[in-house]
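# Survey of secondary and tertiary structure
Take a look at the letters that make up each chain.
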Amino acid sequence: MTSLRYVLERLLHALPVLLGVTIFVFFAIQLVPGDPIRIMMHGRISDQEVQAIYERLGMNRPLLIQYVDFLRKAATGDLGTSIIQNAPVTTLILEKFWPSIWLLASGAVISVLLALPLASISAFYRNRWADHLIRVAGMVGFAMPPFWIGLLLILGFGLWLGWFPIAGYGQDTAGHLHHMFLPGLTIALFLAPILVQSLRTSMLDVLAADYIEVARAKGLSEWRILLKHVLRNAAIPAITVLAVNIGWLVSGAVIVEYVFSLPGMGSLLVRSVGFRDYPVIQGLSLVFAVIVIVVNLLADLSYMLVDRRVLKA
Amino acid sequence: MRSSEKLLCSATTIVAILALAVLSSGGIAEAAGIKRGGTLTVARPDDPLTLDPFIPSDNGSIYAIAQVCEPLVLGDDTGKGLEPGLADSWEASADGLSYTFKLRDGVKFSNGKPVTVDDAVFSLKKVADPAASYGFAFDPVKSIDKVDDSHLRITLKTPYVTLLSAVSLFSSSVVSMADYTKDPAAFGKSPVCTGPFKVESYERGSQVVLVPNQYYWRNGEDGKPLPYLDKVILKYVPESNSRVLGLRNGDFDAIVAVPLSQAASIKQVDGMSLEVAPGYRLDYVYLNHAKKPIDDKRIRLAMNYAANRDAIMKSVYFGVGQIANSFMPQVNYWSDKVEPIPYDLDKAKALIKEAGYDGTPIKLMVDTGNAPFKQIATILQDGWTQAGLKVEIVEFDTGTSFDMTQKGNYQAYVSYITSDINDDDELATLEGDYHGSTEAFFSRYKNDQVVDLLAQARQTSDKAKRADLYGKIQDIVYHDAYSVPLNFLPYVNAYQNKVKNWHNITVGWWWLRQVWLDQ
């Protein structure tokens, strides 16, 4: 029951955050110059026509009323209609939702798969050549812009080796896995070094703890201590780092989306901002906020799995 | 020209163009050698926002719609001329105030239902609505009426020789009224029209898949109905390097908008062709004549003399294009007789001195993230500063800079203009006539002589006279230093050599109905 209460409490905390995000985005985008109708028509439209269109869309009403209307409809799952594309915002976002989630998931999974062994090796052989090699390689990966890494991967694995498709999202689950490997790896080459760094540091802290000495005194092997006692206790900071970065990548993976021609939410946001397509920007911000909250909740829950003491705190 | 003459003339043009097309594509031997079938995958930097012909003004939408929907009049093989589309003939009244179109017999929509005059009238009324994207092209239209079951008439307020070009816009496409009115949003995903293709699937942000419309009315060179291809995939690949890599990889058969820096290297690759096709685009610096010091013609001229266009052509455009001698793109009446303003710093310095320049700085605006335009701005800043002007480069995102341009809160802005209509009137009037809603396309340029010449050109159907009038307009506006024109930028595409009959037409798209694969 404690776990359920914990989850409910976290969800309740999320409500004001969501409300805050919608209020901020709704009013902030109105302050930015430019309007969708004129951008769409390249300015070749009279003021009266623009006003008539706004009247039809209900966009000439006071902002507060428009906002309340947006919230009321959003509560029923209706995020309005795109001004530029004349299609329901919910449909537009849903079309981009799964490619984005696939991209994030493949990026996160490959990052973790790379980071766990590398961080363990780095911590185990601290200050020896393997540790130095991993840290330098990590720094290089982190320092390279994702745009460039993406193109290098396309060149290597797509053009020369021909192992992976270089554009698009694929048709079925196997296709998605195949298509998402290179984009996921691009994200991982940037994300894994951060994870390795944070895991290595906390593993070294744990290795210095008294109970590790006890474990050693019991005659457990170093590798067993590392995997069973150290990794588990060092995971919490790394999970936090992962969650924060995934939250950022929801909208921030736009460069990776561009390079691999993925129909994701990041590119939809960039385009909608360019066109000042207010309903889509509002809808996306809401969805991003929900994803960030859910990811953080999952992170909190995983702390619980790793360390039951979290519940008591 | 009388209407009968016009028909004869357009018939002769069609025959001539067809003959040319056959000759240039290798003659009868190739006509017989045309292979049917196969899938053409095209990678392009744009994604359709909608496939509803009455909404969009973005190229991603327009070029896809042009494969699926057709208007009464069509652009020809080059895009510069006109030929009969869903109307097989038309007639203008003697006073030029009404046009009667005869609908082609037996044309069906992609769902097999026959096209009626009611569908055509409905569609034309949609596009002519002032609130529609291309409503401005139908400003002089008084009414659109059904005459009988095979004729419709467009009545004008004033003579308007551009009407046929306006009717050839993608936006004037004839749609199935029943399907459109039932659910416009659904129509925008899968339009019911009469073009060579119909939409099999449209995944926004990813691709549009087209398959042949089995009811298409036009036959190919082999005597069977077009199109030749079994399938077309228009893929959205926004990153230009990814497009080039995909072409080399064999993932794409053709790519649109090759980065100019890579054009030369693609030419060297075996099995690939580079296409540089003329288009209706001009890259130029917008000038706001209402702002100091740009309100002084001598300062504007000095900015032109101090613009090192050769350097820009070499380092930004890699030699692709043609240095512009006009305030508007090379549409059909462009004149090569207008003397270009040379790069002459001394002349610029003298003009600035004569104008008594008081040191008011010029803010040169660029869209954030547009690297080539930023480079252009830097080269211009260098020349203008050397000539004695104070110049500062400012960057805003496209939406903001457009808003500032439109509200007149700018001095100079590196940007471009394109024409969707194959007639000079649209852009010449838009840019040259300050009475319009954009105030001479945000320049606040005022010249009553130009307004007068524009009105004459709009009402003259004699081609030689029109050419003469537009030549004069080009000369006056260009030498009034309306703007700082830079480059007539062509379309640059690349394709595998197995792709045959691929041509980028002047208004921007490709007639995929005639493309075939030699495989």
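For the structure, see preceding data.
All values reported here derive from a predicted model rather than from experimental measurement. (Residues numbered from 1 in each chain as written. Chains lettered and ligands numbered in written order. Predicted model: local features only at pLDDT ≥ 70, side-chain atom pairs only at ≥ 80, totals over all residues.)

## Here we look at the overall build of chain B
Scanning chain B from terminus to terminus reveals 18 helices and 21 strands. Taken over the C-alpha atoms alone, chain B extends approximately 70 × 60 × 45 Å along its principal axes. Excluding contacts between residues fewer than 6 apart, the proportion of contacts in chain B whose partners are at least 24 apart in sequence is 70%. (Helix = DSSP H or I, 4+ residues; strand = E, 2+ residues; numbered from the N terminus. Contact = placed C-beta atoms within 7 Å.)

## So, the interface of chain A and chain B
Contact with chain A, which involves 39 residues of that partner, is made by 37 residues of chain B. Where the side of chain A that touches chain B is concerned, the elements lending two or more residues are α2 (36-40), α3 (47-57), α5 (89-124), α7 (146-160), α11 (254-259) and α12 (265-275) of chain A. At five residues, α7 of chain A tops the list of elements feeding residues into the side of chain A that touches chain B. Across the side of chain A that touches chain B, the residue classes break down as 22 nonpolar, 11 polar and six charged. (Nonpolar A, V, L, I, M, F, W, Y, C, P; charged D, E, K, R; others polar.)

## A closer look at helix α15 (residues 425-432) of chain B
Residue and element names in this part refer to chain B. Within α15, eight of the eight residues are buried, which leaves the element mostly enclosed by the surrounding structure. Looking at α15, one finds that the buried residues are D425, E426, L427, A428, T429, L430, E431 and G432. Where the residues of α15 are buried, they touch β17 (412-418), α16 (439-442), α17 (448-459) and α18 (463-479). (Buried ≥ 20, exposed ≤ 12 C-beta atoms within 10 Å, placed from the backbone.)

## As for the sheet that holds strand β6 (residues 141-148) of chain B
Residue and element names in this part refer to chain B. An order of β4-β5-β7-β6 is seen for the four strands of this open sheet, with the pairing classed as antiparallel. Unpaired on one side and paired on the other, β4 (87-92) and β6 mark the two borders of the sheet. Neighbour-to-neighbour, the strand axes of this sheet turn through a mean angle of 20°, independent of strand direction. Pairing of strand β5 (residues 98-103) with strand β7 (residues 151-156) involves five bridges; the strand directions are antiparallel. Bridged to S98 within β7 is T155. Against the sheet, helix α4 (residues 117-128) touches β5, β6 and β7, its axis set at about 175° to β6. (Pairing = 2+ DSSP bridges. Axes fitted to C-alpha atoms, helices over the stretch in contact; angles between N-to-C directions.)

## Some remarks on the packing of helix α8 (residues 173-207) of chain A against helix α10 (residues 222-252) of chain A
Residues and elements named next belong to chain A. Put simply, α8 and α10 touch, their axes get as near as 8 Å, and they point 150° apart. Considering their axes alone, α8 and α10 lie roughly antiparallel with respect to each other. The chirality of how α8 crosses α10 is right-handed. For the pair α8 and α10, the contacting residues are I187, L191, I194, L195, S198, L199, S202, M203, V206 and L207 in the first and V230, L231, N233, A234, P237, A238, V241, L242, N245 and L249 in the second. Of the residues contributing to the contact of α8 with α10, the split by class is 16 nonpolar, four polar and no charged. (Parallel < 35°, antiparallel > 145°, perpendicular 65-115°, else oblique. Left-handed = near helix turned anticlockwise from the far one by under 90°.)

## Thoughts on the sheet that holds strand β10 (residues 231-236) of chain B
Residue and element names in this part refer to chain B. On the basis of which strands lie adjacent, the open sheet formed by seven strands has the order β8-β9-β10-β1-β11-β19-β12 and mixed pairing. Bordering the open sheet on either side are β8 (197-203) and β12 (272-277), each of which pairs with just one other strand. As paired strands, β12 and strand β19 (residues 491-496) are joined by six bridges and run antiparallel to one another. When the bridges of β19 are listed, E275 appears paired with N493. Sitting on the sheet, helix α3 (residues 59-68) is in contact with β8, β9 (207-212) and β10, with an inclination near 145° to β8.

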